There are 4 protein chains.
Amino acid sequence: MSDEMTEDRPLGVAVIGAGMAGAAHAAAWRAATTVRTPLPRPVRLVAVADIAEPLARHVAGRFGYERVETDWRALLDAADVDVVSVVVANRLHREIVEALLAAGKHVLCEKPLADTREDAEAMVAAAETAGPVARLGYTYRRAPGLAALRELVTSGALGEIVHLHGRYLADYACDPQAPMAWRFRGEPGSGALGDVGSHLLDAAEFLAGPMRAVSGARFRTVVAERPLPLTATVGHGKVAVSEETEPVTNDDWAGFTADFDGAAGTFEASRVAAGHPNGLRLEISCRAGAAVWDQENPAEIQVHTQEIGGAAAASNGFRTVKLGPEHPYIGEGYAMAAPGIGVGQNDGFIFQARAFLEEVVGLDEEQSWPRCASFAEGLRTLDLIEAVVASAGDEGRAVSVAR
Amino acid sequence: MSDEMTEDRPLGVAVIGAGMAGAAHAAAWRAATTVRTPLPRPVRLVAVADIAEPLARHVAGRFGYERVETDWRALLDAADVDVVSVVVANRLHREIVEALLAAGKHVLCEKPLADTREDAEAMVAAAETAGPVARLGYTYRRAPGLAALRELVTSGALGEIVHLHGRYLADYACDPQAPMAWRFRGEPGSGALGDVGSHLLDAAEFLAGPMRAVSGARFRTVVAERPLPLTATVGHGKVAVSEETEPVTNDDWAGFTADFDGAAGTFEASRVAAGHPNGLRLEISCRAGAAVWDQENPAEIQVHTQEIGGAAAASNGFRTVKLGPEHPYIGEGYAMAAPGIGVGQNDGFIFQARAFLEEVVGLDEEQSWPRCASFAEGLRTLDLIEAVVASAGDEGRAVSVAR
Amino acid sequence: MSDEMTEDRPLGVAVIGAGMAGAAHAAAWRAATTVRTPLPRPVRLVAVADIAEPLARHVAGRFGYERVETDWRALLDAADVDVVSVVVANRLHREIVEALLAAGKHVLCEKPLADTREDAEAMVAAAETAGPVARLGYTYRRAPGLAALRELVTSGALGEIVHLHGRYLADYACDPQAPMAWRFRGEPGSGALGDVGSHLLDAAEFLAGPMRAVSGARFRTVVAERPLPLTATVGHGKVAVSEETEPVTNDDWAGFTADFDGAAGTFEASRVAAGHPNGLRLEISCRAGAAVWDQENPAEIQVHTQEIGGAAAASNGFRTVKLGPEHPYIGEGYAMAAPGIGVGQNDGFIFQARAFLEEVVGLDEEQSWPRCASFAEGLRTLDLIEAVVASAGDEGRAVSVAR
Amino acid sequence: MSDEMTEDRPLGVAVIGAGMAGAAHAAAWRAATTVRTPLPRPVRLVAVADIAEPLARHVAGRFGYERVETDWRALLDAADVDVVSVVVANRLHREIVEALLAAGKHVLCEKPLADTREDAEAMVAAAETAGPVARLGYTYRRAPGLAALRELVTSGALGEIVHLHGRYLADYACDPQAPMAWRFRGEPGSGALGDVGSHLLDAAEFLAGPMRAVSGARFRTVVAERPLPLTATVGHGKVAVSEETEPVTNDDWAGFTADFDGAAGTFEASRVAAGHPNGLRLEISCRAGAAVWDQENPAEIQVHTQEIGGAAAASNGFRTVKLGPEHPYIGEGYAMAAPGIGVGQNDGFIFQARAFLEEVVGLDEEQSWPRCASFAEGLRTLDLIEAVVASAGDEGRAVSVAR
C-alpha cells in the first residue's frame, strides 16, 4: 500500500454522498485521527461530492472539508484524494467503486455492497485485483458490546452456542402516510431484509459463525401502498404528500430460521415495529451460559454463566456488564474513557474509519483495530438474502448457503 | 350441568397425580372458593390419588384432602367425588379421562391433552358426547398480563397485529448430568416443543388468533445423551446418576416461523436456555402500537401506542403497566389487591380451578371468569405440533394447519 | 406453649378486623398449613370478627371460617379459639391485644404496634408477662428476596455495609379528590412515615442492623386538604365526596438521613409518589459489593460483587438473581416451586402465619421459619418514628435512638 | 463581545491541562463546529498547555492542536488565542482564570469553580467586570435527557415537583489499594461531595430550582487510609503502591436532605458505591406525574403521567422515552440523528463547547443553545457544599442557603 513518493503527504479523504450516512462518514474521517495512538500519516479532509450541491456544501462546511464536487468523477483524477467513502444509492455502488479502484483510490463502501449479485461479484473481483484497499461499512461490528461478546464467545467461556435469536426492529415505516421512496420499491428481500436485515445477518455471522441454511422465510408488506411525496426528501423526515399512491413492492417484515454449525436460530427484520427506533439485538444460548447484546446500549452486554452442577446454578442470573476502558474501543476511543460513559452509534463510524486508515497506512493486523469487512463479506450478505428470498419463494423450504 | 338432587351437597374434588403439578392442582381447588364472590355451592376436598402412596398422602395432608387412593379407578364410583383433576403422564390421560367422563365426573385434564392424535381425537369425541364438563389446563391464560393484553388487542387500541415473536425459554435440561427421564424420550416434537412449546403455542393463538401455517421448523438435541438415574426422581430435582447413558431422542430446542391471518411471526421453545428458568414471552407489533408480556412479571405488560403522524411519535416509548385491582384476576383474586402486589404462577392454577368450578355449578359465561380451554383446543395444540414436526421433516416447507 | 389437655384438638384461629388486611390474614391462616412440612397440630378456621357484620360474613364465607362475631370480646371466652389476628385501627390495638393475652390467646397483631408510646410500652409489657405468643406482623421480612439479601449480608460475602438508601414510595394519596380518612389525620409522622415508613424502618434495620441516630428529618403535606366522603369507605377505593373539605394534618412525605454502626443512609417515605403503587426498595453499598431489593419483584435481588484489585472489576456488573427452590420460602412455600414462578405480597402473610403457628405449636427456632417480629420490635419502630419527628421538630438535628 | 478588527480571523482555542478532562475539552473544541448550523466564525485549534510536556504533546497531536506550551502564561500574550479551557487542579483555577480574563481571553473553566469561597468570590467578581465570556463547565446540563426533563418540568406537564431524590454513585474509590492522591486529601465536603456531588447539586437545582436549606448532613470516610503511590499517576488508573499509608481526610460518602420551594428531597454522593461506575440519577415526584433521568442512558427519560381521577390511573406506568432528533442536542448534534442512536458523556463536552462559542461570537440567547453555567452558579455550588458541611458540623441542623 505504501507509496514511497507520497508517504509524507497527508492522506486525502473524500466522501461521495452527502445524505445522513454520508455525513456520518464525513464526521468519522474527521475524528478518526483522534482515537488510539497517532496515525503515522496525517489526514486531510479534501472533498464532499454530491449531485445536490447545497447538501454537499453543507456537509463539507460542517465537517471541515476543503471543497465540494457535484460530479464524483472529479475525484478520479484528484491527486490530493487517496481515500473515498461511497455512500450513495446501492445501485450506483458498482460503477463508482470500480472507477475509484481503477484510479488507485482506497474505497470504503457503505453497506449493502450492491443491489444485484452480478454487481456484487464484479465488485469483489475488482477488489481482489485492485491494489488499493477496498472495504465495506458494517459499523455495528464496532459496537463495543458486540465486539466484546464475540471475544467472549471465541474465548470459550460460555461454551458452544446452541441456539440464538436475532432481530432488527425498526419503526421508520410505521406511518402509512410516510411517502413513497426508493426504499419501498423492489423485489421482496430488498425491503426490511435488505436494509436493516443486512446488518442483522452480518452481525449474526460475526458473532456466531456462518449460517449453513435458512428456512421458513416469510415476508410481509404491512403498508401496502404509500402516498407520493410532493417534494423531494432527504432521510426519514416528514414531507408533504400527494393524494396519489404507489404500491409498496418489497418487505416491511421478514422472518426465518437458520442452521449454523451445530446451533440454530430464529431471525426477524422489521421496519414497521412500533416503539423500536433502532432495535438490533442478538441473544445467544450456550452450553455454559448465555448472553445478550442490544444496540440500544451498545457498550453493554448481559451475561449469564451457568455453574453446571453447582448449588447456586439457579441463583446465578444475568449480569449487566458495562464495558470500560479495558476494552480498546472505549479505552482508546474516547477522551473521557470510563465504564458507563455512554457510546453512540455515530462512534462506530469513527472506529471503522480509523481501522480503514490503519490498513491504508500499512499497519499490520496485530497493530490495528480489527479490519473492516471485505467486499466478499458483503457478497456473503447478498448470498444470505438471496437464500432467504429463495426459501420464501419455495414454501419456506431450507436453502443452503455454501461458504 | 345442574343436578337438582345433589345441589346442596358440596362438590367433591379429587386430584389424580401427586407430583409437582398435581400438588398445584390440589392447592388450587383448596383456594378456588376464596377468590371472587362466593361460589353457589360449597367445595369439599375429597381425595388425592397416586400409585405412590406416600406422595399421595403428603399432598393430601398438605392441602387438606380427606383421603388418598393408590388406584385412580376408585374414584369412578366414589359418590362423593364430582370433579377430578388429571395430572399424570400424558400417555395415561386418555384412559383415565374417558373413564371419568363415562362415570359422570367433571374433568380438568392437565396439558398437553395427549401424546398421540388418536388419543386426543378420542378424548375430544368423549368430551363432546359426555354430560360432564371436560376442560384442559392452560394456566398461562390466567396470567393477568396476558389476559389484559388479549383484551387490549381485541379492543383494537393497538390496531391489527402485523408481526410477533414468541418464545418459551427454560433451563431445566441445561445440565448434561441431569439424568435420563421420560421427558427426554420420544420423537422430535415431544421434547421442548411438546413440553414448554405447547404452552407457547396456546398462548400465541390465545393472543393473536389461529396460525394458518408453520414453516422452517428446526429441532436441536443439544445434550445428546444423559446418564441413567440411580434412583427414581420426582420433578426436576438432582439425583445420583449412573455411568451408563441413554440417548436423548427428542428436541431440546425447536424454532419455526408461522403465518397467521395477516400477521406472521417467529417462535422458539427451549429447555436448554441457560439463565432462563421460566421464560415465556410474547411480543407483538401492531399497526398502531406494540406490546410485550413476559411470564416473569405475569401481572405486567409493556405497551407502546404509536401516535401516527403525531409530533411526539418518537417520544412515546413503552410504558410498564402494572395491572391493579381494576383487572378481575387481581381485584377479585387476592385478599390484598393493588397494583404491584405481585402475582405468581401458582395463582394461575387457582384462577383456572375457579373458572372450572363456575362452569360446573352452572354459572353462565357472562357471570364467570373466562372458560378453561376445551379439549378441542388441546387437540389444536397437537395439530400445531404435528405441523411443526411435518415442516421439520420436509426441509422446513410450510405446512398448513387448518382450523 | 403446650397445653396437654388440648394438644390433639385443632388450633382454633380467629381474625379481628375484616378489612383488606384482615382478609389477607384470614387467607393466610387458611393457607398456612399448606406450606412446608405438616404442622404437628391441625388448624381450624373458627371466626371472623368485625363490627360491620356483612363484611365479617363476607370474609368468613370467602375463606371458610365457621362463624362471625360483631363484638371481638366474644372471642375472649371462646374455648375453640387459640390464635387471633388483630387487624383493626391502630388505636384499638392495645385494648384488644391486652384482653386477648390475658385470656390466654396467642396474638398476631398487625403493624404498627400502636399509635402512642404509652400504648406500645404497655403492650410490650403485656407480651413479656403473658404466657401466649405475642407477635407483630411485618410481612416484608417474608419476601424471599429481602430474606435472602439479609442472609447474604450476614454471610459477609459483600463485606460490611458502608452506605444505603431506602424508600417506600406509594401513590395512594396522589389524587387530591381522594376523600378525607383517618389516615390523613394526626400528628406529623403518623402519615406516610407511620404507614409505609414503618415498613421501611423495620426492613432497613432487618437488613442493616440498628440505626443509631436520625437527622435532617423533613415532612411535607402535599395535599393540604381533602373533601369529606359522602359515604363510609373501606380500603382505598373511590367514593363520592362532599364539597366540604378538612385539612390533612400529617405527612404525605418524609425524608431523613440515618447513622448506623459504621454505615449511613438516606431514607424517604411517600404516599404521593405518582407511578409507584407499592415501591419499597432498599439499596446497599458494601465494601466488597452492592445489592438491591425491590418489593415489586419480591423474590429477586440485584447483586454486584466487587472483585477488588481484579482486572475485570469494572466488568462485573449487577446480576439479577431470581430466587428458586433452594430458598425455603420458595422451595417449601409453593406447590410449583421454581425460579421465576412469581411471588406475591399476599404470600408474605401466609409465610408469616406459618411461622407464627410453628412457634405456637412449640417448634424450636431451628425447626421453624424465622420467628415473627416481637412487640419490642414494634416499639422499636415507634422509637424510630419518634426520633424522626423529634429531628423534624428541632431543625433537623440528629436524634439518637438508643437500643 | 464582538471585536471588529478580528472578526474574520478564526477564533483561536487553547486548553490548559492535558489530563483526561483536558483531553475531553480538547476533543470538544475540535468537534464544536460540526454540530448545529455553521458557526459564523471559523475555529482554529491553537495550543495545549501542560507542565507535563509529553502529555501536552500527546493531546495536541491527538486532537490536532498546532502547538504545546509548558507554561500556561505563554497564552496570555498569544495573539492567536481567544478562547481557553482551564482544566487543572481546582486550587489553581483562580490565578489562571483571573490572568486570562485580564488578558482578554474568553474562559471556560472546568468545575468546580474553586476550592475556597475566597477564590470563588474573587473569580465571580473578575467575571463580572471582565469583557470576555467567563463560563463554568457543567456538562451534565447538556445530557439530552436531563435537558428534556427540565423542559418537561418547566412546561407544567407534570405539575409542581413535590419531592425528589438525587444521587451520584461512583465506584472509583472502592479499591482500598487505590493509591493516595490529592482527591483524598482536604476537609470533609471536598471528597465525594465536592467531586461528584457538585455535579449532583448543580443538576438538582438545574432541574428543580434552588434549594432553600440542607439538613441532616452525614459524611463517611470508608477507606480510612490509602497506600502512597510509588510513581506519579494520571487519572484513575492503577499504579504500584508503597507499603506506607496516609489517612484519607475527606468524605467517601455524603448524604443529606434538602428543602426547595415547596418540594423536599434526599441526596447522596459516593465514590465508594461498588457497581456504579458513573451513577448520576435524579428522580422527581410531581403533582401530576413523575420522572427519572439517569446518566447511564443520557438521552432517555422515564416519564409517568398521572391521570388524576381517571379510571386507568393505576394502569398508566412509566414510559421509557428515548429522545430523538426532535430534541436539538440530538437533531443538531449528530450526523446520524435518530432515537436510540446512543449518546455519550463525551458528547456533553462538545455541546457545551458549542454553546460557549455561540456566546463568544455574539449569537443571542434565542439563536443559541442554552448558555453555559456562570461563575456565579459555580459559587452557588460552593455555597451548597458549605451548607452541607455546616449542617454536618452542627449535628445535622438545617442550614439555609440564601439565593
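All figures in this text were calculated on a predicted structure; none of them were measured in a lab.

1. Digging into the relation of the copies chain B and chain A
Between the two copies, chain B and chain A, the superposition gives an RMSD of 0.0 Å; the rotation angle is 180 degrees and the shift along the axis is 0.0 Å. Taken together, the rotation angle and the small translation identify this as a two-fold axis. By C-alpha distance to the rotation axis, the residue of chain B lying nearest is G216 of chain B, at 1.6 Å. The overlap is high: 100% of the interface residues of chain B also sit at the interface in chain A, so the same surface is used on both sides.

2. A few points about the pattern of salt bridges
Throughout the structure, instances matching the rule amount to 144 salt bridges over all chains. Residues R117 of chain A and D383 of chain A are paired through a salt bridge, measuring 2.0 Å at the closest nitrogen-oxygen approach. One end of the pair, R117 of chain A, is in helix α4 (residues 117-129); the other, D383 of chain A, is in helix α9 (residues 375-393), with 266 residues separating them in the sequence. On the basis of relative accessible area, D383 of chain A is assigned to the buried category, the value being 19%. Here E377 of chain C ties to R141 of chain C by a salt bridge, and the two come within 3.2 Å at their closest N and O atoms.

3. So, the packing of aromatic side chains
Taken as a whole and judged by the stated rule, the model has 32 aromatic pairs over all chains. A centroid spacing of 6.1 Å and a plane angle of 40 degrees characterise the contact between F260 of chain C and F267 of chain C, whose relative ring orientation is tilted. A residue is classified by how much of its surface remains accessible, and F260 of chain C, at 5% relative accessible area, is buried. F267 of chain C gets classed as buried once you look at its relative accessible area, which sits at 0%. Three or more aromatic residues joined by ring pairs form one cluster here, namely Y329, Y334, F351 and W369 of chain A. Here the basic side chain of R183 of chain A rests over the ring of Y172 of chain A, its NZ or CZ set 5.2 Å away from the ring centre. The ring of F184 of chain C has R226 of chain C lying over it, and the distance from NZ or CZ to the ring centre is 4.1 Å.

4. What about the confidence of the model for chain A?
Residue and element names in this part refer to chain A. Of the residues in chain A, 93% reach a pLDDT of 70 or more, and the chain-wide mean stands at 92. Low pLDDT (under 50) marks residues 1-6, which in the prediction has eight contacts with non-local residues, meaning those over four places away or in another chain. When the criterion is pLDDT under 50, residues 308-314 qualifies, and its contacts beyond four places in sequence or with other chains add up to 11 contacts.

5. Points about the interface of chain B and chain A
Contacts between chain B and chain A engage 49 residues on the former and 49 residues on the latter. Counting the surface lost from both chain B and chain A, the interface buries some 3,600 Å², and carbon and sulfur atoms represent 54% of this. A per-residue breakdown of the area chain B buries against chain A is headed by H163, R220 and A274 of chain B, which together make up 15% of the total. On inspection of chain B and its partner chain A, the count reaches eight salt bridges. The residue E395 of chain A makes a salt bridge to R397 of chain B at a minimum N-O spacing of 3.9 Å.

6. Quick word on the environment of R226 of chain C
All names here are of chain C. Relative to the helices and strands, R226 resides in strand β9 (residues 225-229). In this structure R226 comes out as buried when scored by relative accessible area, which is 0%. When the C-alpha positions of R226 and F184 are compared, they lie 8.7 Å apart, and in sequence the two are 42 residues distant. In this view, R226 contacts A173, D175, P176, A178, P179, M180, F184, E244, T245, E246 and V248; residues no more than four positions away in its chain are not counted. Engagement of the side chain of R226 in a polar contact is seen with the backbone oxygen of A173, the distance being 2.7 Å. Engagement of the side chain of R226 in a polar contact is seen with the backbone oxygen of D175, the distance being 2.9 Å.

7. Let's talk about the environment of R67 of chain C
Residue and element names in this part refer to chain C. Tracing the backbone through its elements, the reader meets R67 in strand β3 (residues 67-69). Given a relative accessible area of 25%, R67 falls into the partly exposed group. With 47 residues separating them in the primary sequence, R67 and M20 have C-alpha atoms 19 Å apart. Residues in contact with R67, not counting those within four places in the same chain, are V46, A47, V48, A60, A78, D80 and V81. A polar atom in the side chain of R67 sits 2.7 Å from the side chain of D80.

8. A few points about the sheet that holds strand β1 (residues 11-16) of chain A
Residues and elements named next belong to chain A. If you trace the seven strands from one edge of the open sheet to the other, you get β3-β2-β1-β4-β5-β6-β17, paired in mixed fashion. Of all the strands in the sheet, just β3 (67-69) and β17 (373-374) have a single pairing partner and so form its edges. Taken together, the four bridges between β1 and strand β4 (residues 83-86) define a ladder with parallel strand orientation. Counterpart to V15 in the pairing with β4 is S85.

9. Considerations on the UniProt feature "domain: Gfo/Idh/MocA-like oxidoreductase N-terminal" (unreviewed entry) in chain A
Per the UniProt entry, the sites bearing "domain: Gfo/Idh/MocA-like oxidoreductase N-terminal" (unreviewed entry) are residues 12-137 of chain A in this numbering. Segment residues 12-137 of chain A splits into 37% helix and 22% strand. End C-alpha atoms: 19 Å apart.

10. Some thoughts on the packing of helix α3 (residues 93-102) of chain A against α4 of chain A
Each pair of packed helices gets described by two things: the angle between the helix axes and the distance between those axes. Residues and elements named next belong to chain A. Where α3 meets α4, the closest approach of the two axes is 10 Å, and the angle between their N-to-C directions is 10 degrees. In terms of axis orientation, α3 runs roughly parallel to α4. Of the residues in α4, those in contact with H93, R94, V97, E98 and L101 of α3 are E118, D119, A122, M123, A126 and A127. For the contact of α3 with α4, the residue count by class is six nonpolar, one polar and four charged.

Parameters and conventions
Residues numbered from 1 in each chain as written. Chains lettered and ligands numbered in written order. Predicted model: local features only at pLDDT ≥ 70, side-chain atom pairs only at ≥ 80, totals over all residues. Heavy atoms only, no water. Least-squares fit on C-alpha atoms with pLDDT ≥ 70 in both. Contact = heavy atoms within 4.5 Å. Salt bridge = Lys/Arg side-chain N within 4 Å of Asp/Glu carboxyl O. Helix = DSSP H or I, 4+ residues; strand = E, 2+ residues; numbered from the N terminus. Buried < 20%, exposed > 50% of the residue type's maximum accessible area, 1.4 Å probe, protein only. Phe/Tyr/Trp six-rings, centres within 6.5 Å; stacked < 30°, edge-to-face > 60°. Lys NZ or Arg CZ within 6 Å of the ring centre and 35° of its normal. pLDDT = per-residue confidence, 0-100. Buried area = accessible area lost by both parts, 1.4 Å probe. Polar contact = N/O pair within 3.5 Å; in protein donor to acceptor, adjacent residues only side chain to side chain. Pairing = 2+ DSSP bridges. UniProt positions renumbered as here; feature names shortened; annotations may be inferred. Axes fitted to C-alpha atoms, helices over the stretch in contact; angles between N-to-C directions. Parallel < 35°, antiparallel > 145°, perpendicular 65-115°, else oblique. Nonpolar A, V, L, I, M, F, W, Y, C, P; charged D, E, K, R; others polar.

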